[in-house]
Amino acid sequence: MRIELKSLAYFFVANDFEVYINEKNEETIYVSQLVCTECLSPWYMELQECLLCGMVHPYIKKCPSCGKIVSTTNTRSKCNECDEEFIYPCLNDKCPSNQEGNIRSATLYTNSYSRKKGVFARNSVFSTSMNFCLNCGNESNRYITREVFLETIDDEIDTNLQKSQLTKYNQEAINRGDSLLIIKDDTGEYSANRGHELSDEETLELNEFKEKIDIEKFYD
Ligand SMILES: [Zn+2]
Ligand SMILES: [Zn+2]
Ligand SMILES: [Zn+2]
């Protein structure tokens, strides 16, 4: 794989995309992301939410006696002041798990698989992976996948590019709906563009050249 394409792959990985090698052509990569079908925000499968109120996993643990809160990365299992076992609670005060009653007692019940307690304890039946978009509350998601083509051009170019300035291979990219064509000019800045039909005489209108790749183009 070309070194430029490799750094592009790392760029996408760092920005929460999944990257796949194209086995048929090592000049391109596939880049994919799970997004909300309504607002196209990234959809994080690994996030947990409280089944009772929808609050996202806060990654904290709390002393049931004095209320002290520490991060889940803290290795202590007990409060150093009260010597009580930490619980893994939902942080929403209005959540049924935080109101007195049977639901609260149920979330604090210690089952045989997990000695930990609370909505977000491991093996808790009161939390689930994310069911709603964090941005708009929509309930469905889908994958967007683009084949990423990279063109490096040895000139400084402005916002118009003749189709003939592209390699033959990348000419194909601009006529394809599922492609993302990234152009790097000799100043080291990038322009990201979605493919669209273009005849030989037409010029491709590029989006602005920037130091960083404009990720918004992926979702267009
Ligand atoms: Zn809750
Ligand atoms: Zn305590
Ligand atoms: Zn959404």
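Only a predicted model underlies this, so the values are computations on that prediction, with no experimental measurement involved.

1. Examining the overall build of the chain
Okay, so step 1: Each helix and strand counted, the chain has four helices and 11 strands in total.
Okay, so step 2: Taking 220 residues into account, the globule formula puts the C-alpha radius of gyration at 17 Å, and the chain, at 25 Å, lies well above it.
Okay, so step 3: Projected onto the principal axes, the alpha-carbon positions of the chain cover approximately 75 × 30 × 30 Å.

2. Remarks on the pairing of strand β2 (residues 28-36)
Okay, so step 1: The sheet contact formed by strand β1 (residues 18-21) and β2 spans four bridges and is antiparallel. Within the sheet, the bridge partner assigned to V19 lies in β2 and is V31.
Okay, so step 2: Taking the residues between adjacent antiparallel strands as the criterion, β1 and β2 are bridged by six residues.
Okay, so step 3: Pairing analysis gives nine bridges linking β2 to strand β7 (residues 141-152), with the strands arranged antiparallel. Pairing of V31 across the sheet is with R146, part of β7.

3. Some words on the pairing of strand β10 (residues 190-194)
Okay, so step 1: For β10, the tally of buried residues reaches four of five residues, placing the bulk of the element in the interior.
Okay, so step 2: With five bridges connecting them, strand β9 (residues 179-184) and β10 associate as antiparallel partners. Bridge pairing in β10 places I182 opposite A192.
Okay, so step 3: Counting the residues in the hairpin turn of β9 and β10 gives five residues, including G188, whose phi is positive at 85 degrees.

4. Notes on the sheet that holds β1
Okay, so step 1: Reading across the sheet, the five strands line up as β1-β2-β7-β9-β10 and stay open at both edges, with mixed pairing between neighbours. The sheet is open, and its two edges are formed by β1 and β10, each paired on a single side. The sheet shows a mean angle of 30 degrees between the axes of neighbouring strands, direction not considered.
Okay, so step 2: Where helix α1 (residues 3-14) meets the sheet, its contacts fall on β1, β2, β7 and β9, and the angle it forms with β7 comes to roughly 150 degrees.

5. Considering unusual backbone geometry
Okay, so step 1: Despite not being glycine, D16 shows a phi value in the positive range, around 70 degrees.
Okay, so step 2: Given 11 C-beta atoms within a 10 Å radius, D16 is considered exposed.
Okay, so step 3: Backbone geometry places L40, a non-glycine residue, at a positive phi of 65 degrees.
Okay, so step 4: Along the polypeptide, L40 turns up in the loop between β2 and β3 (48-50).

Each value, and the rule that gives it
- Residues numbered from 1 in each chain as written.
- Chains lettered and ligands numbered in written order.
- Predicted model: local features only at pLDDT ≥ 70, side-chain atom pairs only at ≥ 80, totals over all residues.
- Helix = DSSP H or I, 4+ residues; strand = E, 2+ residues; numbered from the N terminus.
- Rg over C-alpha atoms; globule rule 2.2 N^0.38 Å.
- Pairing = 2+ DSSP bridges.
- Buried ≥ 20, exposed ≤ 12 C-beta atoms within 10 Å, placed from the backbone.
- Axes fitted to C-alpha atoms, helices over the stretch in contact; angles between N-to-C directions.
- Contact = placed C-beta atoms within 7 Å.

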